[in-house]
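# Analysis of the macromolecular model
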Amino acid sequence: GNVLKVTTGPAITYWNPANKATGNYTVKATFNEPKYMNLNNHPHPYGIMIAGNDLGTEQQSYLYCSAYGNGRFIVRGFGPAPFQVNGPKPTDSPAVNKAAAMGEPVTQEIAMSVKGDKVECSINNQVVGSYDKSAVVGAGKLKSTDGVYGIRFAHNTEVFVTGFKVTKP
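The following paragraphs examine the structure supplied in this document. (Residues numbered from 1 in each chain as written. Predicted model: local features only at pLDDT ≥ 70, side-chain atom pairs only at ≥ 80, totals over all residues. Heavy atoms only, no water.)

## Some words on the sheet that holds strand S1 (residues 4-7)
Put simply, the test is: A pair of strands is considered paired only if DSSP assigns at least 2 bridges between the two. The numbering of helices and of strands both runs from the N terminus, where a helix is a DSSP run of H or I of at least 4 residues and a strand a run of E of at least 2. Only C-alpha atoms enter the line fits that serve as axes; for helices the fit covers just the stretch in contact. Angles between N-to-C directions range over 0 to 180 degrees.
With antiparallel pairing, the six strands of this open sheet are ordered in space as S1-S13-S3-S9-S10-S11. At either end of the open sheet lies a strand with only one pairing partner, and these are S1 and strand S11 (126-132). Neighbour-to-neighbour, the strand axes of this sheet turn through a mean angle of 20°, independent of strand direction. Of the strand pairs in this sheet, strand S3 (residues 25-33) and strand S13 (residues 158-167) are connected by six bridges, and their pairing is antiparallel. Of the residues in S13, the one forming a bridge with Phe31 is Val161.

As structure tokens, then:
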């Protein structure tokens, strides 16, 4: 149907090589964690991946924005080594929903957009991070903001994904 259930062991990124976006675009989906921290004893994130190139190789590059059920988010990339965009640790944001308690549900709408010379991460329809392309594209970072898009999950998560799509302005 319209729902993708994802239960992870190790951290993983899912993509379909046919799903490519170029120029200006937005990739978004809704992530429902029905039982916050159901498979772990601390928060783990999930979210949107964009700009995938050479995926599945040692030279892969991509960027992701992920939310945690505790009101935090993280923006990171691989190019091909990991690189931090919004700092070394997850960032608190009032835009990110918090579960009432462990085992309670939490839902996040997560989007990544490329608009001109900016890359943005939005959570629950609020921009939580806006970055110049020059901060994410270049040596040791992304090859381009054009590329494959998908979804990213940390280890030990159980999440339902709906509304996964790309739009062009």
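Text resumes after the structure shown.
## Looking at the pattern of salt bridges
Two side chains bearing opposite charge may form a pair once their charged atoms approach each other closely. Let me state the cut-off plainly: Any carboxyl oxygen of Asp or Glu within 4 Å of a side-chain nitrogen of Lys or Arg constitutes a salt bridge here. Burial classes follow relative accessibility: with a 1.4 Å probe on protein chains only, a residue under 20% of its type's maximum area counts as buried, one over 50% as exposed, and anything between as partly exposed.
Counted according to the given criterion, the structure contains five salt bridges. A salt bridge links Lys143 to Asp54, with the nearest nitrogen and oxygen atoms 3.1 Å apart. Within this pair, whereas Lys143 is found in the loop between helix H1 (133-136) and strand S12 (147-153), its partner Asp54 is found in the loop between strand S4 (46-53) and strand S5 (61-67), the two being separated by 89 residues in sequence. By relative accessible area, Asp54 is classed as partly exposed at 40%. Salt-bridge contacts for Lys118 lead to Asp132; the nearest nitrogen and oxygen are separated by 2.5 Å. Residue Lys118 is located in strand S10 (residues 118-123), and its partner Asp132 is located in strand S11; the two are separated by 14 residues in the primary sequence. Since its relative accessible area comes to 35%, Asp132 is described here as partly exposed.

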